[in-house]
Structure formats: structure tokens, C-alpha cells
Amino acid sequence: MLNLNKKIIYLSYLTAFFAVLFFPLAYSYAALSCSVTTAGLCGAGTVMLRMSGSTNAHAELPSQSTAVYNNNVVCCTGITGLGNSCAVSNSENFAKLSGVTNAHVELPSQSLYGNNACLSSSFAGDVITVGNQATNCNGYDTTLFSMEKTPTNSQVGIPTAYNNKVCAKIFSQRISFNISSNSIGFGNLIPTGLRYATPSGTGSSSEAESLNISISTNAPAGYGLYVRGDTLKNGAIAITPIGGTNTTPSVGSKAFGLRAVATGGNGSVVSPYSGSGFAYDANSTTDKTVAFANTGNGVTTTYSIRTVATIDSLLNPGNYSTNLTYVVTANF
């Protein structure tokens with residue numbers, strides 16, 4: 001699942017406009033964790049199954065409240081939006097019960113029993129995997145409980161009670177994307193020097209950081225950072241974008257461009273934005289890649305964006321503006 005969020009920043013001589021689009025946000029990957037405890041100690045956790053004892057036990061659904069089952073509940077935590085509903089769209093049946101209480105249990109692949117016990121998530125993009133295997137739950141996040149026998153008509157117990165383990169995993173898709181400034185400016189563009197945009201809006205005559213973008217994700221194939229939008233304009237008068245070659249513009253050449261520097265994490269800036277000079281080869285309908293990561297490991301990479309502009313002696317002074325869009329997409 002990909003959620004859309006928006007931030008706006010302003011770049012100028014005096015003012016240039018940036019709209020920033022990015023996808024679901026703020027996070028590091030947390031694994032599903034389950035244990036057998038008392039109903040009272042489950043607290044902020046979610047009860048998935050209730051058992052009459054730690055071994056040789058009957059089971060009841062989490063919606064029930066039989067007192068003798070209070071001392072052995074399968075309690076799960078670690079995932080935002082975790083639930084036990086079988087009615088929501090993102091749910092997986094991990095067991096079937098012969099009744100709502102005092103029940104024997106069978107695997108979800110069987111059809112003898114009709115009372116489902118489920119893991120669910122309120123986030124459609126979370127991937128829920130359940131299964132059963134002998135000895136351990138290697139390859140899963142956690143063990144829910146164990147069964148005396150499979151595939152059906154079984155009593156149940158805590159994870160160590162029997163060799164037949166019922167296992168679960170939830171992969172929760174997350175990405176964070178943050179921008180440091182909501183306004184940046186060049187100050188007065190002049191034909192006798194280069195100007196670099198700064199968060200203060202006054203600009204700088206020496207290279208300065210315009211803003212920074214921080215990205216982190218647990219997407220297995222990483223992410224891409226893209227930019228699109230026209231060059232700076234004042235009505236019909238446009239400052240020429242540098243294009244797809246990394247270069248430092250000549251003073252008075254009527255040029256606009258940016259470059260990025262990566263720190264931390266496993267992301268990398270790509271050509272032409274990775275050199276010591278500047279480039280800009282996007283437009284209002286064409287995205288261009290600024291940076292990427294091949295894997296997502298939850299480690300944040302921060303990209304320092306530097307933006308340069310200059311005008312020639314014939315270019316009219318005035319308010320040059322543009323609308324740039326930064327987009328981050330995770331590769332799940």
C-alpha cells in the first residue's frame with residue numbers, strides 16, 4: 001500500500017514554488033511478536049486465541065470471556081493496526097475451531113470446523129503470512145501456539161508444548177520522506193555572479209545548502225527519488241536549465257540547476273546530479289532520477305540539495321518562479 005502526502009516549499013528570485021509529493025511516512029520495520037500470557041497482562045497487545053491451559057488444552061475465540069481461559073491467551077504486539085478480525089479485507093485465517101469455546105482446533109486448510117481465528121491489519125499494504133511447521137517457526141516472525149496433532153481435531157498448548165507449531169509473520173510496508181525547509185530563495189540574481197538558494201531566502205554568493213531531504217524505507221528493493229518541473233520563469237522569459245551534463249555554469253550565462261550530496265544510509269545520487277557541478281534535465285511532464293537505493297534497511301539517507309541560478313545582462317530583472325515536484329517511490 002502507498003499513501004500520498006504533500007509538502008510545499010518555495011524557491012525564489014524572489015520567489016519560486018516547489019510542490020513536494022511523497023509516499024507513506026515515518027518509520028522503521030517492526031516485527032510481529034506473540035507470547036502466551038494472561039488476559040490482564042496483554043494490555044495494549046491484541047489477543048489472537050484463548051486456551052484453557054498451557055498444554056492439552058481446548059481453545060476459544062478472542063471474542064469470548066470464559067474465566068478459565070484468561071490465564072493462557074496468545075497476545076501479539078509490534079505492528080501498528082494489528083487486529084484479530086476475520087471480517088476486514090486484510091486478514092489471514094491461522095486456525096479453525098470446532099466451536100467458539102471449549103473447542104478442538106484444525107489447520108485453516110481443513111473444512112471440518114467453521115469458526116475462524118484470524119490475524120488482521122488495518123493497513124492494506126501489510127503482508128500477512130501464516131503457516132504451520134514442525135519443530136520451529138524459522139522464516140516467520142513468531143510462534144502463536146502449538147498443536148498436539150495436525151491437520152484436525154487437535155488440542156493446543158503454548159509454543160513449547162507440542163512439536164507442531166502455528167506460525168505468523170507480518171511485513172509492514174513503511175517509508176519516511178522529510179524535507180527540511182518550506183521556503184528557499186536566491187536573493188537578487190545578477191549577471192556578474194552565481195547565486196545559490198538558501199532557506200533564509202536571501203541567497204548566497206558561495207555554494208550553500210538549499211534544503212535537505214531524508215528518506216528511509218524497509219522496501220526490499222529500495223526506493224527512487226525523482227524531480228520534475230519547468231525551469232525558473234518570469235512570464236515568457238525563462239532561465240535556461242543546465243540540462244543533462246554536470247557542469248558549473250558560467251557567470252552571466254542565464255542558467256538554472258541543482259545537485260545533491262548523500263550522507264548516511266545506503267542511498268546514492270545519480271548522474272548528472274552526482275558531480276561537483278550542477279544539472280537540470282527534467283521538465284513539467286518528465287521525471288528525472290536524482291537518487292536511489294537498491295535495498296531498504298531502515299537506515300536514513302539525507303540528501304543535501306544545492307540550487308544555483310544566474311542571469312545574463314539582457315535578461316529582465318523580476319520575479320522568476322517555477323513549480324518543482326520531488327517524488328519518492330518505494331519498491332516493495
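Here, every reference points to the structure presented above.
Rules of the game
Residues numbered from 1 in each chain as written. Predicted model: local features only at pLDDT ≥ 70, side-chain atom pairs only at ≥ 80, totals over all residues. Heavy atoms only, no water. Helix = DSSP H or I, 4+ residues; strand = E, 2+ residues; numbered from the N terminus. Rg over C-alpha atoms; globule rule 2.2 N^0.38 Å. Buried < 20%, exposed > 50% of the residue type's maximum accessible area, 1.4 Å probe, protein only. Contact = heavy atoms within 4.5 Å. Areas by Shrake-Rupley, 256 points an atom, 1.4 Å probe, with all protein chains shown as cover. Pairing = 2+ DSSP bridges. Lys, Arg positive; Asp, Glu negative; His and termini not counted. Salt bridge = Lys/Arg side-chain N within 4 Å of Asp/Glu carboxyl O. Phe/Tyr/Trp six-rings, centres within 6.5 Å; stacked < 30°, edge-to-face > 60°. Lys NZ or Arg CZ within 6 Å of the ring centre and 35° of its normal.

**With respect to the overall build of the protein**
Counting its secondary structure elements, the protein contains one helix and 28 strands. A globule of 332 residues ought to have a C-alpha radius of gyration of about 20 Å, yet the protein, at 28 Å, is considerably larger. Judged by the C-alpha coordinates and their principal axes, the protein covers about 90 × 30 × 30 Å. Counting only residues that meet the buried cut, the protein has 47% of its 332 residues in that class. Partitioning the intrachain contacts of the protein with sequence separation of at least 6 by distance along the chain shows that 71% fall at a separation of at least 24. Of the accessible surface of the protein, which amounts to about 13,600 Å², a share of 48% is contributed by carbon and sulfur atoms.

**Some words on the pairing of strand β17 (residues 211-217)**
Among the seven residues of β17, seven are classified as buried, and the element is accordingly described as predominantly covered. The side-chain alternation of β17 yields two buried faces, one formed by Leu211, Ile213, Ile215 and Thr217 and the other by Asn212, Ser214 and Ser216. The sheet contact formed by strand β15 (residues 175-179) and β17 spans five bridges and is antiparallel. Residue pairing in the sheet places Asn178 in a bridge with Ser214 of β17. Sheet topology note: the β17/strand β27 (residues 301-310) ladder contains five bridges and is antiparallel. Each bridged residue has a counterpart across the sheet, and for Ser214 the counterpart in β27 is Thr302.

**Some words on the side chain of Glu106**
In this fold, Glu106 is placed in strand β9 (residues 105-106). In this structure Glu106 is buried but unpaired, with Lys96 as the nearest side chain of opposite charge at 4.8 Å. The residues touching Glu106, leaving out its near neighbours within four places in the chain, are Ala95, Lys96, Ser111, Leu112, Tyr113, Met147, Pro151, Thr152 and Asn153.

**Quick word on the sheet that holds strand β13 (residues 156-157)**
On the basis of which strands lie adjacent, the open sheet formed by four strands has the order β11-β14-β12-β13 and antiparallel pairing. Of all the strands in the sheet, just β11 (127-134) and β13 have a single pairing partner and so form its edges. Pairing of β11 with strand β14 (residues 164-171), which is carried by eight bridges, proceeds in the antiparallel orientation. Bridge pairing in β14 places Gly131 opposite Cys167.

**What about the packing of aromatic side chains?**
Within the structure shown, the criterion is met by four aromatic pairs. Ring geometry for Phe171 and Phe332: centres 6.3 Å apart, planes at 70°, overall edge-to-face. Of the two residues, Phe171 sits in strand β14 while Phe332 sits in the segment after β28 (323-330), which places them 161 residues apart along the sequence. The lysine or arginine in question, Arg174, covers the ring of Phe123, its NZ or CZ lying 4.7 Å from the ring centre. Above the ring of Phe278, the side-chain terminus of Arg259 is found at 5.8 Å from the ring centroid.

**Here we look at the pattern of salt bridges**
By the definition in use, this model includes six salt bridges. Between Arg174 and Asp126 there is a salt bridge, and its shortest N-O distance comes to 3.6 Å. Within this pair, whereas Arg174 is found in the loop between β14 and β15, its partner Asp126 is found in the loop between β10 (115-121) and β11, the two being separated by 48 residues in sequence. Neither residue differs from the other here; Arg174 and Asp126 are each classed as buried.

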